[in-house]
Amino acid sequence: MTEADEKDGPPVVLVDPIDMSKLDSEFRNEIKSMPYGDELNACFACSTCTAACPIANVWTYKPHQLIRMIILGMREEVLSSDEIWLCLTCFQCQERCPQKVRVTDIFFDCKNLAAEESKIPETIVGLAKTLMEKGQLYEVTADWEREDMDLEPAVPGLSTNEFKDIIKATRTGKIVGGEE
Amino acid sequence: MSDPVLIIGAGVAGLTAAVELADSGVNTIVVEKLPTVGGNALDLYKAFPTDDCFYCFEGNRWRPGIRKCFYRSALIDQPNMDLKINSYVEQITGNSGKFEATIHVGPEYIDAKKCIMCGLCIEYSSAFSLVSPQCQPQAVTYDPDKADEGDKKAVEECPTKAINLDAQPKKETVSVSDVVIATGYHEMKPVNVDEYSYGKHPNIVTQLELAQILDPIGATDGKLLRPSDGKPAKRVMMVQCVGSRDENYYPYCSKICCVYALKHANILTEERDASQVSVVYMDIRTYDSHERYYREARENGVEFVRGRVARVEPKDENELDIIVYDSLLDKYLKFTVDLFVLSSALEPPEGMDNIIDSLGLNVASGFIAPADLVSENEVVAGDHIYACGTALGPAEVPESVTQARAVASKILQNRK
Ligand SMILES: Cc1cc2nc3c(=O)[nH]c(=O)nc-3n(C[C@H](O)[C@H](O)[C@H](O)COP(=O)(O)OP(=O)(O)OC[C@H]3O[C@@H](n4cnc5c(N)ncnc54)[C@H](O)[C@@H]3O)c2cc1C
Ligand code: SF4
Ligand code: SF4
Ligand code: SF4
Ligand code: SF4
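These figures come from a predicted structure and were not determined experimentally.

Conventions adopted
Residues numbered from 1 in each chain as written. Chains lettered and ligands numbered in written order. Predicted model: local features only at pLDDT ≥ 70, side-chain atom pairs only at ≥ 80, totals over all residues. Heavy atoms only, no water. Contact = heavy atoms within 4.5 Å. Buried area = accessible area lost by both parts, 1.4 Å probe. Salt bridge = Lys/Arg side-chain N within 4 Å of Asp/Glu carboxyl O. Polar contact = N/O pair within 3.5 Å; in protein donor to acceptor, adjacent residues only side chain to side chain. Helix = DSSP H or I, 4+ residues; strand = E, 2+ residues; numbered from the N terminus. Nonpolar A, V, L, I, M, F, W, Y, C, P; charged D, E, K, R; others polar. Pairing = 2+ DSSP bridges. Near = heavy atom within 4 Å. Areas by Shrake-Rupley, 256 points an atom, 1.4 Å probe, with all protein chains shown as cover. Domains from an automatic or database assignment. Core = buried A, V, L, I, M, F, W, Y, C linked by side-chain atoms within 4.5 Å. Buried < 20%, exposed > 50% of the residue type's maximum accessible area, 1.4 Å probe, protein only. Axes fitted to C-alpha atoms, helices over the stretch in contact; angles between N-to-C directions. pLDDT = per-residue confidence, 0-100. Arc of directions from axis to C-beta.

Undergrad: Even after reading the chapter, I still don't get the interface of chain A and chain B, so can you show me in this structure?
TA: Quite often, the size of an interface is put as the accessible area lost when its parts meet. The partner chain B presents 21 residues to the 23 residues of chain A that form the contact. Across the chain A/chain B interface, buried area totals approximately 2000 Å², and carbon plus sulfur atoms make up 57% of it. Where chain A touches chain B, the interface holds five salt bridges. One salt bridge connects Glu303(B) with Arg68(A), and the closest N-O pair in it is separated by 3.7 Å. Where chain A meets chain B, there are 14 residue pairs in polar contact (both at pLDDT 80 or more). Looking at the side of chain A that touches chain B, the elements with two or more residues in it are strand 1 (18-19) and helix 4 (63-72) of chain A. For the side of chain A that touches chain B, the class distribution of residues is 15 nonpolar, four polar and four charged. Note that strand 1 of chain A and strand 16 (residues 331-337) of chain B share two bridges and pair parallel. Following the sheet pairing, Ile18(A) is matched in strand 16 of chain B by Leu333(B).

Undergrad: Please clarify how the site of ligand 4 should be interpreted in this entry.
TA: In the neighbourhood of ligand 4, the contacting residues comprise Cys115(B), Ile116(B), Met117(B), Cys118(B), Gly119(B), Leu120(B), Cys121(B), Val140(B), Cys158(B), Pro159(B), Thr160(B) and Ile163(B). Residue composition of the shell around ligand 4, grouped by class: 10 nonpolar, two polar and no charged.

Undergrad: Got a minute to help me understand the site of ligand 1 in this structure?
TA: Residues and elements named next belong to chain B. Near ligand 1 lie 33 residues; those nearest to it are Glu32, Lys263, Thr390, Ala395 and Val397. At 3.2 Å, a backbone N or O of Lys33 approaches a nitrogen atom of ligand 1. Side-chain polar atom of Tyr185 to an oxygen atom of ligand 1: 2.8 Å apart, as the coordinates give it. In the complex, 96% of the free accessible area of ligand 1, which totals 1000 Å², lies under the protein chains. Those elements that place two or more of their residues in the shell around ligand 1 are helix 1 (12-23), helix 5 (207-214), helix 6 (257-270) and helix 9 (397-415). With three residues, the top contributor of residues to the shell around ligand 1 is helix 9. Residue assignment places the shell around ligand 1 across two domains, with domain 1 (5-106 + 169-185 + 348-414) and domain 2 (189-345) each supplying three or more.

Undergrad: Would you mind going over the nonpolar core with me for this structure?
TA: Grouped burial of nonpolar side chains is what soluble globular proteins tend to show. Residues Leu6(B), Leu224(B), Phe304(B) and Ile368(B) are the most contacted members of the largest nonpolar core, which totals 89 residues. Composition of this core by domain shows at least three residues from each of domain 1 (5-106 + 169-185 + 348-414) and domain 2 (189-345) of chain B. If near-sequence neighbours (up to four positions away) are discounted, Phe304(B) is found in contact with Arg68(A), Leu262(B), Val279(B), Tyr281(B), Ile284(B), Tyr294(B), Ala297(B) and Arg298(B). Met20(A), Met34(A), Cys43(A) and Ala115(A) belong to the second largest nonpolar core, which has 59 residues in total.

Undergrad: Explain the sheet that holds strand 5 (residues 98-105) of chain B here, please?
TA: Strand pairing in a sheet takes place through backbone hydrogen bonds and is either antiparallel or parallel in direction. Residue and element names in this part refer to chain B. The sheet built from three strands is open, its strands ordered 4-5-8 with antiparallel pairing. The open sheet terminates on both sides in strands that have one partner only, identified here as strand 4 (87-95) and strand 8 (170-176). Here the average twist between neighbouring strands, direction ignored, is 20 degrees. The pairing of strand 5 with strand 8 spans seven bridges and is classified as antiparallel. What sits directly across from Val105, in strand 8, is Lys170.

Undergrad: For this particular structure, what's the right way to read the confidence of the model for chain A?
TA: Close inspection of predicted coordinates is inappropriate in any region flagged by low pLDDT. Overall, the predicted model of chain A reaches an average pLDDT of 88, with 91% of residues at or above 70. Residue range residues 1-6 of chain A is modelled with pLDDT below 50. Its contacts to residues more than four positions away, or to other chains, number one contact.

Undergrad: Please clarify how the domain arrangement of chain B should be interpreted in this entry.
TA: Residue and element names in this part refer to chain B. For chain B, the assigned domains read domain 1 (5-106 + 169-185 + 348-414) and domain 2 (189-345). One C-alpha centre belongs to domain 1, the other to domain 2; they are set 31 Å apart. On the side of domain 2, 21 residues touch domain 1, which itself brings 17 residues to the contact. Of all residues in domain 1, Tyr45, Phe48 and Pro394 give up the largest surface area on contact with domain 2, accounting jointly for 39% of the area buried on that side. At the boundary of domain 1 with domain 2, the tally comes to two salt bridges. Measuring nitrogen to oxygen at the nearest pair gives 2.5 Å for the salt bridge that ties Lys46 to Glu271. Viewed at the interface, domain 2 and domain 1 are joined by seven residue pairs in polar contact (both at pLDDT 80 or more). Its residues assigned to classes, the side of domain 1 that touches domain 2 shows 10 nonpolar, two polar and five charged.

Undergrad: What am I meant to see in the pattern of salt bridges here?
TA: Should the charged atoms of two oppositely charged side chains come close, the side chains can pair. Following the criterion strictly, the structure yields 32 salt bridges over all chains and no others. The residue Glu319(B) makes a salt bridge to Arg235(B) at a minimum N-O spacing of 2.6 Å. Separated by 84 residues along the polypeptide, Glu319(B) in the loop between strand 14 (303-314) and strand 15 (320-326) and Arg235(B) in strand 12 (residues 235-242) bring together distant segments of the chain. Looking at Glu319(B), the relative accessible area reads 18%, which means it is buried. For the salt bridge of Glu271(B) with Arg272(B), the shortest nitrogen-to-oxygen distance reads 3.1 Å. Using a relative accessible area of 31% as the deciding quantity, one classes Glu271(B) as partly exposed. Relative accessible area serves as the criterion here: at 16%, Arg272(B) is assigned to the buried category. A cluster of three or more residues bridged by salt bridges with shared partners is formed by Asp24(A), Glu30(A), Arg75(A), Glu76(A), Glu117(A) and Lys119(A).

Undergrad: In this structure, what is going on with helix 7 (residues 291-299) of chain B? I would like to understand it.
TA: Because each turn of an α-helix spans 3.6 residues, side chains separated by three or four positions end up pointing in the same direction. All names here are of chain B. Residues Tyr293, Tyr294, Ala297 and Arg298 constitute the buried set of helix 7. The buried residues of helix 7 occupy an angular sector of 135 degrees when the element is viewed end-on, so they sit on one face. Contacts from the buried residues of helix 7 go to helix 6, strand 13 (276-281) and strand 14. Of the residues one or two after helix 7, Gly301 is the one with positive phi, at around 85 degrees.

Undergrad: Help me understand the sheet that holds strand 9 (residues 178-181) of chain B in this model?
TA: Residues and elements named next belong to chain B. Sheet architecture is open: six strands sit in the order 3-2-1-9-22-21, paired in mixed fashion. A strand with exactly one partner marks an edge of an open sheet, and here the two such strands are strand 3 (81-84) and strand 21 (380-382). Put simply, the sheet's adjacent strands are angled 25 degrees from each other on average, direction ignored. Here three bridges tie strand 9 to strand 22 (residues 385-387), and the two strands are oriented parallel to one another. Residue pairing for strand 22: Val179 is matched across the bridge by Ile385.

Here it is in structure tokens:
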């Protein structure tokens with residue numbers, strides 16, 4: 001076969017592999033250096049974490065796959081995934097991992113890294129905004145339930161102003177501020 | 001006086017049986033087809049589970065001898081051992097403690113007692129060579145197929161007059177009381193497993209070949225170099241279960257390839273400065289406490305990919321592109337590597353079926369099976385016939401040694 005033949009003909013394999021040299025091989029070290037990442041490399045892909053997770057059945061990437069993607073260096077995919085934000089932080093995966101990988105904590109680390117790069121889903125930014133504006137996520141409203149229980153319409157003495165000031169000075173403030 | 005014991009094969013198993021028996025006052029005849037003892041363990045560099053040469057451990061230090069090696073000193077000091085190198089057993093007749101064995105003893109071109117391994121003969125003719133600096137007996141070997149003009153000069157110049165080119169093979173018939181089969185294993189050359197392209201690119205090797213590259217007394221002085229151009233190999237990929245657990249080749253698990261692959265992966269990352277080591281596997285079987293090699297490998301950053309190799313595509317003479325299907329991610333990954341190492345099946349050695357047939361032994365996947373399959377006497381292959389080490393199937397050195405000691409103990413009990 002000449003070289004021209006080779007180029008013109010159909011590709012030998014009909015797969016488009018992920019090129020390992022294009023991935024970020026330093027990503028695993030980045031995660032490892034964060035407060036909870038020290039056991040990351042111990043993962044042996046048993047998938048106990050996924051078996052333990054109450055909601056991973058609806059995820060595209062399951063917990064064990066996310067850990068694997070971190071180890072492989074798929075930084076972009078992990079940090080822009082919805083899954084790290086959908087995690088309930090119930091810690092069941094972390095409790096059961098036979099190699100003591102701090103799965104939930106590692107997802108927290110991922111969220112922090114993603115946030116730094118402004119990779120935050122709209123819904124989460126929305127929540128942060130509410131927190132900034134209202135000082136609370138679940139506003140107490142005067143409704144029949146309170147009335148039935150003989151409670152005053154508003155929570156007595158509740159002041160969220162101080163909290164609003166604090167949160168403005170945090171990273172949450174920056175994230176929301178930066179978005180506006 | 002009782003007849004001697006015949007031991008076929010001088011790897012760790014055969015030698016252990018021989019030394020144990022000899023030390024207990026039993027005469028032994030050890031028949032080895034190669035010019036040196038040691039078998040497959042000769043070039044293994046560090047051995048699990050001690051990460052050291054198995055026989056240099058403390059318990060054996062009382063034996064005098066060069067570099068404290070157990071076998072060297074035994075072969076030199078122990079008068080009850082009759083080692084016949086370059087030899088094989090032609091035929092065994094008789095039974096039940098009274099056997100006649102015909103041994104073909106290869107010509108003794110070099111007198112090992114005289115050779116001082118000065119290397120002068122090697123300079124004169126390529127027919128002379130040194131199998132390994134670790135070889136035992138400590139002597140060069142002569143290959144008559146490569147005979148040339150320089151031979152005679154070598155004979156004349158040899159400072160100790162150790163060379164005799166007129167040596168002839170001999171046939172010896174001996175009466176022996178027991179037969180111990182310790183013929184070991186062979187690492188399959190995976191030439192037929194097309195998908196891995198073994199033999200088609202210099203940088204595709206087997207684990208045993210990698211062990212030889214890592215051996216500090218080997219050709220590269222232990223440096224991790226690409227066979228193609230001698231440049232440092234930085235990126236290495238290993239693939240497990242090549243020809244094992246595969247009905248097209250060998251249906252069994254070769255049992256120790258996971259452990260030594262990870263032993264190698266750890267040596268590569270800890271001592272040889274490899275920047276990327278990946279292991280493609282179906283299952284990692286690091287039995288018993290060998291799990292620590294697996295844990296250590298992960299800590300060292302070795303990349304484990306569960307799945308199989310889709311394609312091997314040589315990029316040029318020095319680099320290979322390897323596409324792997326990652327079954328955990330359901331994705332295809334492309335790696336570029338300098339060295340591709342195949343964990344090839346451990347198979348029965350050549351001639352094993354002859355031995356099994358002629359002695360009427362049980363067979364399991366080509367290796368020797370115990371005479372009584374339900375008993376726990378796995379080393380008893382027949383009446384006064386024993387097997388130990390990897391002649392019984394893939395095994396590590398400690399297991400081979402334990403079996404060899406069990407054989408010695410059985411024979412000693414029978415003699416009382
Ligand atoms: C890459 C690799 C790495 C390994 N690393 C380790 C390790 O780290 N630790 C460990 O414990 N184990 C290790 N092993 C396993 C180890 O090699 C074996 O356990 C050990 O060598 C078995 O010894 P043996 O005496 O049973 O067989 P062998 O070493 O195979 O010896 C058999 C001997 O019999 C001779 N022979 C064969 N047929 C005949 C015949 N018909 N007539 C006369 N002589 C004959 C052969 O020439 C050979 O000398 C490794 C194996 C491989 C492949
Ligand atoms: S449970 Fe732990 S070891 Fe198992 S896949 Fe999940 S993180 Fe890895
Ligand atoms: S902490 Fe998150 S990933 Fe872990 S089990 Fe709970 S929901 Fe699943
Ligand atoms: S010249 Fe003689 S002593 Fe020197 S290595 Fe050759 S055989 Fe041995
Ligand atoms: S020991 Fe590991 S590599 Fe070897 S055959 Fe068994 S599973 Fe495969």
